[in-house]
Structure formats: structure tokens, C-alpha cells
Amino acid sequence: MNIHQPIRLSQLSHGGGCGCKLAPSVLQQLLSSHPVTTPYKQLLVGLETGDDAAVWKLDNNTCIIATMDFFMPMVDDPRDFGCIAATNAISDVYAMGGTPILALAILGMPVDKIPPEMARKILEGGASICEKAGIPVAGGHSIDSPEPIYGLAVVGIAPKSNIRRNADAKAGDKLILTKALGVGIYSAAFKKDALSLKAYDEFIATTTQLNKVGAKLGQDPAVHAMTDITGFGLLGHALEMARGSNKKLVIDVEALPWLEEAAVLAQQGFITGASSRNWKSFDSYVVLPEATADWRRMLYCDPQTSGGLLVACASEHATSLLEMIRNDGYPRACIIGETRDGQPQVIVEA
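Note that the structure is a prediction, hence the values are computed from the model and not measured.

Each value, and the rule that gives it
- Residues numbered from 1 in each chain as written.
- Predicted model: local features only at pLDDT ≥ 70, side-chain atom pairs only at ≥ 80, totals over all residues.
- Heavy atoms only, no water.
- Patch = residues over 30% accessible without salt bridge, like charges linked within 9 Å, V, L, I, M, F, W, Y side chains within 5 Å.
- Areas by Shrake-Rupley, 256 points an atom, 1.4 Å probe, with all protein chains shown as cover.
- Salt bridge = Lys/Arg side-chain N within 4 Å of Asp/Glu carboxyl O.
- Buried < 20%, exposed > 50% of the residue type's maximum accessible area, 1.4 Å probe, protein only.
- Helix = DSSP H or I, 4+ residues; strand = E, 2+ residues; numbered from the N terminus.
- Arc of directions from axis to C-beta.
- Contact = heavy atoms within 4.5 Å.
- Pairing = 2+ DSSP bridges.
- Axes fitted to C-alpha atoms, helices over the stretch in contact; angles between N-to-C directions.
- Phe/Tyr/Trp six-rings, centres within 6.5 Å; stacked < 30°, edge-to-face > 60°.
- Lys NZ or Arg CZ within 6 Å of the ring centre and 35° of its normal.
- Parallel < 35°, antiparallel > 145°, perpendicular 65-115°, else oblique.
- Left-handed = near helix turned anticlockwise from the far one by under 90°.
- Nonpolar A, V, L, I, M, F, W, Y, C, P; charged D, E, K, R; others polar.
- pLDDT = per-residue confidence, 0-100.
- Core = buried A, V, L, I, M, F, W, Y, C linked by side-chain atoms within 4.5 Å.

Q: Residues and numbers for a nonpolar patch on the surface, please.
A: On the surface, a cluster of nonpolar side chains totalling about 330 Å² of accessible area is made up of Tyr 40, Trp 56 and Leu 58. In this structure Trp 56 comes out as partly exposed when scored by relative accessible area, which is 33%.

Q: Outline helix α11 (residues 318–327), listing residues and values.
A: Restricting attention to buried positions, one finds in α11 the residues Ala 318, Leu 321, Leu 322 and Ile 325. Looking straight down α11, one finds its buried side chains confined to an arc of 100°; they lie on one side. Turned more than 90 degrees away from the buried face of α11 sit Thr 319 and Asn 327, all of them exposed. On its buried face, α11 sits against β7 (174–177), α6 (213–217), β8 (223–228), β11 (309–313) and β12 (334–340). Looking at the residues trailing α11, positive phi occurs at Gly 329, about 110°.

Q: Report on the sheet that holds strand β1 (residues 43–45), specifying residues and quantitative values.
A: Backbone hydrogen bonds hold the strands of a sheet together, and the pairing may be parallel or antiparallel. Taken together, six strands build an open sheet; the order of strands is β1-β2-β3-β6-β4-β5 and the sheet is mixed. Edge positions in the sheet fall to β1 and β5 (137–144), since each of these pairs with one other strand and no more. Adjacent strand axes in the sheet meet at a mean angle of 20° when their direction is disregarded. Sheet analysis places strand β2 (residues 54–57) next to strand β3 (residues 62–71), joined by four bridges and oriented antiparallel. Bridging across to β3, Trp 56 finds its partner in Ile 64. Of the strands in this sheet, β3, β4 (99–109) and β6 (149–159) touch helix α2 (residues 78–95), which is tilted by about 30° from β6.

Q: Any chance you could break down the packing of aromatic side chains for me, citing the residues and the numbers?
A: All chains considered together, the criterion is met by eight aromatic pairs. Pairwise contacts between aromatic rings join Tyr 186, Phe 190, Tyr 200 and Phe 203 into one cluster. Looking at Arg 243, its charged tip hangs above the ring of Tyr 285, at a distance of 4.3 Å from the centre.

Q: Describe helix α4 (residues 183–191), with residues and values.
A: With respect to burial, α4 is a largely interior element, eight of its nine residues being buried. Those residues of α4 not exposed but buried are Val 183, Gly 184, Ile 185, Tyr 186, Ser 187, Ala 188, Ala 189 and Phe 190. Two residues or fewer after α4 comes Asp 193, characterised by a positive phi angle close to 60°.

Q: Can you break down the sheet that holds β11 residue by residue, with the values?
A: In space, the seven strands of this open sheet follow the order β8-β11-β7-β12-β9-β13-β10, with mixed pairing throughout. In this open sheet, the two edge strands, each paired with only one partner strand, are β8 and β10 (286–287). Here strand β9 (residues 248–252) pairs with β12 via four bridges, running antiparallel. If you follow Ile 251 over to β12, its bridge partner there is Gly 337. With respect to the sheet, α2 is in contact with β8 and β11, its orientation differing from that of β8 by roughly 165°.

Q: Any chance you could break down the packing of α4 against helix α5 (residues 197–207) for me, citing the residues and the numbers?
A: Where α4 contacts α5, the axes come no closer than 11 Å and their chain directions differ by 135°. In terms of axis orientation, α4 runs oblique to α5. Of the two elements, α4 crosses α5, and the hand of that crossing is left-handed. Contacts from Val 183, Tyr 186, Ser 187 and Phe 190 of α4 reach α5 at Ala 199, Tyr 200, Glu 202, Phe 203, Thr 206 and Thr 207. For the contact of α4 with α5, the class distribution of residues is six nonpolar, three polar and one charged.

Q: Hey, could you go over the confidence of the model for the protein chain for me, with residue numbers and the actual values?
A: Counting all residues, the mean pLDDT for the protein chain is 92, and 91% of those residues have values of 70 or more. Scored below 50 in pLDDT, residues 1–5 makes 14 contacts in the model with residues more than four places away or belonging to other chains.

Q: Kindly report on the packing of α2 against helix α3 (residues 116–133), identifying the contributing residues and their values.
A: Running from N to C, α2 and α3 point in directions that differ by 40°, and their axes come no closer than 7 Å. By the angle class used here, α2 and α3 are oblique. Classified by chirality, the crossing of α3 by α2 is right-handed. Residues Pro 78, Arg 79, Phe 81, Gly 82, Cys 83, Ala 86, Thr 87, Ile 90 and Tyr 94 of α2 form the contact with α3, whose participating residues are Met 118, Lys 121, Ile 122, Glu 124, Gly 125, Gly 126, Ser 128, Ile 129, Cys 130 and Ala 133.

Q: Which residues make up the nonpolar core, and what values do they have?
A: Counting residues in hydrophobic clusters, the biggest one holds 86 residues, and the most contacted among them are Val 75, Ile 90, Leu 152, Phe 203, Leu 235 and Leu 256. Per-element accounting of this core gives the leading share, nine residues, to α2. One finds Ala 222, Met 226, Leu 309 and Val 311 within the second-largest nonpolar core, a separate group that totals 17 residues.

Given below as C-alpha cells:
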């Protein structure tokens, strides 16, 4: 595959992937006036804990899960871009313990810069991932925009008992991460022509792997809380779980799984701007080992596009759940820490 197209999609946007997200601190300011409670009793999950998707109780047993996600390209191959964006959007339904049922496409293209054929390949890539998820692209909306944008609005369903919020972790839970970290580092290196072909293949493989295991995890009562790791990085999404659950999350740095070249590239300076914005948004709620190098700190804040699931589960079931996750096609899944009583914060231990 030729990863360098005549028109480089990654050069037509100021950011790419989930690195386009607003910083957590900015998002908090924008939502500060939004009411914490809602008069809609059927709305089981809304904005209150920064969860992955909205959940609406349809009847005594069935819940509707709704989400949307879109961003600008982090790669040049249009089909790869479509695949990554679609995988990332569908992930929010899996992160709630649900099963997706349909998607709507969101497309913005600078029509004076991109030929229709390229836009068509983006849509084809997204549709191919939806096919793997077993859902149709049932419609959508497109506009002429200054930068290329693509994503999906996704609707899913789940029994109420299967819904897993990011806010229900219990003291003593073990934390499982299902995918390796370092996507943002790879994205930064790609944009500067410094990513090897081998690393690019690894990059595409992880960002286009659906988090289908989330629907299975939602059926297990030993799983208490779940979220996916995306634009706020491991520390940001772990902090959301800590705050929502009113618990302290402790992460073992030696247990973290990384993409093969992530550490080397980070030391060479291939860091996204989102990493720094993330750190400034939550540094006072995170405790790192003394003398943590800046490049390593940026790894912990690295924005993940279509990242893995962070799962809080009963400690006595953690080993069997990890085995199930790995057997389901996530060989890099690891137990990375635990949940403890205490003030909401994230502690990284060496």
C-alpha cells in the first residue's frame, strides 16, 4: 500500500484524529453552565460524568445508546482514514457495554482541494468497518468545509443490566487495558515522515480493531466500570473514571503496553500538541514518580485515536477476564493497576 498519496490528507488539517479534541479544561469551561441533573428520568447517562455515550431507557429492559465522533485525518490514505474514524466512533457504544445497530455518516470536505474519488474512498473505508460491526450506514450529512472531516453518529442497544458507565469502579477493582498505547506518538511521527512502514502497519492494525469485546464485558457482573481511551490519553480518561467513581486509580507503569516504537519516537520529540494540553488540564490530580522525564509524561497523556478499553473489574475475576479478552483477539491486553479508596486522583507507580 502506498501510504503517501499525491494529496496528503494529513497536511490539509491543523490536527488529526482524537488529538483534535478540545482540552479537558476547555471542555469543562464550556459545559460549566450545563445542569448536572436532568428532568428526563429515562436519561440514564448524560453529561454528568463525561461518559462515552448517552443512554436512554426505552422500556423496562432495553436502553438506547447514542454517540457521535468525527475528526480530521491523521493519515494520507483516504480509505485508512475512513476505517480509523469509523472504528473510533463505534467504540463508544462498545465502551458502554452495548451493541451497535446503525450509523450515520458525517462528512466535511474542502471540495476545491480534494477530488470526489478521494472522498468516496473515505466513505468506503468507513462503510467497510460498519460492515465488520454488522451495522448499516443508514444515512448522513455532508458539507463543504475548509479541512477534511469524517466520522459517524452511532446508535446502539443494550439491556439495562449490561450498561457500564465510567463511574462505577469499586475499591479493590483491578484495571485492565485492552490495547497498547502510543497512537498519538505514531501520528505525530507520520505527519513528519518519520514513521516506518512496519510501525504504520502496527498503527493501522490497532486503530481499526473494533472494541467488540466491550459488548461481551457488559454481560459480566464482575465488570463494574468501563471507558475507552481516546483523546484525553490514559491519564485523562483514568481521571474521569476516578472522579466519577470517587476513587483513586493506581497505575503500574511497568505493566503498561506500548506500541513497539512509541518510546523511541517520544524520546525523539514526536509529541502531539494535545499531550501538553492534556497534562495542563489535569496535572494537579495526577501523581507521577519522582524525576519522570518529560517525554515519558507525554506518553501517559498521549491522545489515543480508537484506543482500547479501560475496564475496572472485581479482582478475583481479573485473571479470567484478561484471558477471555486476549482470546477474543486483544493479545496486548494487560492488568495495569487497581482502584483504591481515597480522593479522586490518578497515581502512577514505578
